[in-house]
Amino acid sequence: MKTALITGINGQDGSYLAEFLLEKGYEVWGILKRNSVAENQTARIPDNIFNKINLEYADMLDMSSLCRVLKLCNPDEIYNLAAQSHVRISFDMPIYTTHSIATGTLNLLESMRLMCPEARMYQASSSEMFGNNVDSDGYQRETTPLNPVSPYGCAKVYSYNICKNYRNSYGMFISNGILFNHESPRRGTNFVTNKVVKEAVKIKLGLSDSLKLGNLEASRDWGHAKDYVKGMWLILQHDTADDFVCSTGVSHTVQDLVEYVFGKLDLDWKKYVGINPKYYRPEELKHLKGDCSKAKECLGWTHEYTFETMLDEMINHTFKKYEND
């Protein structure tokens, strides 16, 4: 039985990854950042796996707590998913975002080097690192220059590079997964996909009458988190540590997203959707579309979800939630 440690286990990706690894026969550990309302911390971890995982309090900014947990669980694999993960909010909280991502990653790397240097580590890198750099064919891939346009993206570039530095300097097995946007029913409701789904369902049920958004022309490569956590695992099963883009290779604008969700609910989106400038970023990222051919060829990674089936699942989940409420 392998042992895996997941930072950010109570997030969207962490909860799906915990499920996936348990199905693979892993012993799963996760760290939680202490907050004053403990009941909300594990809301995204399904009840059927809650008693099958080992949860410990630790903080990415407290290296001593990371060392304690690593000594306790002695992991074979480490998945670093912890972060202040909202790009728009990173403009409001740039210092905290940078500390939680950049310093947090460095703390974990140094803890790993001291406590369990033979473990394999997955670093959650991000398509936000590319910024508005796009290759001539319209795609972003492992070789596309990094030019981030947000504090979140800048911090992720540091984490990406320091992971490569530790890999090269100390011979540690550390791999970056450059993941493009991925969503699910467990996505936070302040992210645009779940925000659109939630408000559209509420409008359909007569519980709301409007939805305010930012830039409708922003284009993103959206996949399902379940597919992407499988990619994380495959990256750490590869023979050598390396960096891989995980994406769908298909982009849609925010307006495409709105039109699909409202259309599935037989609603005219133009009657309900408006623009609020506060949701614009100070510097916009216009277009993301990833080339995941390396992951497909080297890892055998495949997708089970499309943009449409992902949104269908989110719509059905949200309907059931409000019906049960």
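Each remark here, short or long, concerns the structure printed above.
Conventions used here
Residues numbered from 1 in each chain as written. Predicted model: local features only at pLDDT ≥ 70, side-chain atom pairs only at ≥ 80, totals over all residues. Heavy atoms only, no water. Pairing = 2+ DSSP bridges. Helix = DSSP H or I, 4+ residues; strand = E, 2+ residues; numbered from the N terminus. Axes fitted to C-alpha atoms, helices over the stretch in contact; angles between N-to-C directions. Parallel < 35°, antiparallel > 145°, perpendicular 65-115°, else oblique. Left-handed = near helix turned anticlockwise from the far one by under 90°. Contact = heavy atoms within 4.5 Å. Nonpolar A, V, L, I, M, F, W, Y, C, P; charged D, E, K, R; others polar. Core = buried A, V, L, I, M, F, W, Y, C linked by side-chain atoms within 4.5 Å. Buried < 20%, exposed > 50% of the residue type's maximum accessible area, 1.4 Å probe, protein only. Phe/Tyr/Trp six-rings, centres within 6.5 Å; stacked < 30°, edge-to-face > 60°. Lys NZ or Arg CZ within 6 Å of the ring centre and 35° of its normal. Patch = residues over 30% accessible without salt bridge, like charges linked within 9 Å, V, L, I, M, F, W, Y side chains within 5 Å. Areas by Shrake-Rupley, 256 points an atom, 1.4 Å probe, with all protein chains shown as cover. Salt bridge = Lys/Arg side-chain N within 4 Å of Asp/Glu carboxyl O.

Comments concerning the sheet that holds strand β3 (residues 54–57)
Sheet architecture is open: 7 strands sit in the order β3-β2-β1-β4-β5-β6-β11, paired in parallel fashion. Each end of this open sheet is capped by a strand with a single partner; those strands are β3 and β11 (243–246). Averaged over all neighbouring strand pairs, the angle between strand axes comes to 20 degrees, with direction disregarded. When strand β6 (residues 173–179) meets β11, the two strands line up parallel, connected through 4 bridges.

Notes on the packing of helix α9 (residues 254–264) against helix α11 (residues 307–324)
Running from N to C, α9 and α11 point in directions that differ by 50 degrees, and their axes come no closer than 11 Å. Looking at the two axes, α9 sits oblique to α11. In this structure, α9 crosses over α11, and the sense of that crossing is right-handed. For the pair formed by α9 and α11, the contact residues are Leu257, Tyr260, Val261 and Lys264 on the first element and Phe307, Glu308, Leu311, Asp312 and Ile315 on the second. Within the contact of α9 with α11, the residues separate by chemical class into 6 nonpolar, no polar and 3 charged.

Here we look at the nonpolar core
Membership of the largest hydrophobic core comes to 34 residues, with the highest contact counts inside it found for Ile6, Leu21, Tyr79 and Tyr122. Secondary structure elements with two or more residues in this core: β1 (3–7), α1 (12–23), β2 (27–32), β5 (120–126), β6, α8 (225–237), β11 and α10 (293–299). The leading source of residues in this core is α8, at 8 residues. When neighbours within four sequence positions are excluded, Tyr122 is seen to be in contact with Ile78, Tyr79, Asn80, Leu81, Ser175, Gly177, Leu179, Met232, Ile235 and Leu236. By size, the runner-up hydrophobic cluster in this structure holds 26 residues, among which are Val201, Val258, Phe262 and Tyr322.

Section: the packing of aromatic side chains
Enumeration according to the criterion identifies 8 aromatic pairs in this entry. Here the aromatic rings of Phe130 and Phe180 are separated by 6.0 Å at their centres, their planes lie at 35 degrees, and the arrangement is tilted. Here Phe180 lies in the loop between β6 and β7 (182–183) and Phe130 lies in the loop between β5 and α6 (151–170), a separation of 50 residues in the sequence. Neither residue differs from the other here; Phe130 and Phe180 are each classed as buried. Between Phe262 and Tyr272, the aromatic rings sit 6.4 Å apart at their centres with planes inclined by 25 degrees, giving stacked as the arrangement. In this pair, Phe262 is assigned in helix α9 and Tyr272 in the loop between α9 and β13 (273–275), connecting sequence segments 10 residues apart. Under the relative-accessibility criterion, Tyr272 is labelled partly exposed at 25%. An aromatic cluster is built from Trp222, Tyr260 and Phe307, whose rings are joined through pairwise contacts. A cation over an aromatic ring shows up here: Lys321 above the ring of Tyr322, its NZ or CZ 4.8 Å from the ring centre.

Let's talk about a nonpolar patch on the surface
A cluster of nonpolar side chains, namely Leu61, Met93 and Tyr96, defines an oily patch on the protein surface of about 250 Å² accessible area. Structurally, Leu61 can be placed in the loop between β3 and α3 (63–73).

A word on the pattern of salt bridges
All told, the structure shown has 14 salt bridges when counted by the stated rule. Across the salt bridge formed by Lys202 and Glu199, the nearest N and O atoms sit 3.6 Å from each other. Taken together, the positions of Lys202 and Glu199, both in helix α7 (residues 192–204) and 3 residues apart, correspond to about one turn of that helix. Overall, the relative accessible area of 19% leaves Lys202 in the buried class. Glu199 sits in the buried class, given a relative accessible area of 15%. Of the charged contacts, one joins Lys264 and Asp312 as a salt bridge, the two residues approaching to 3.7 Å between their closest N and O atoms.

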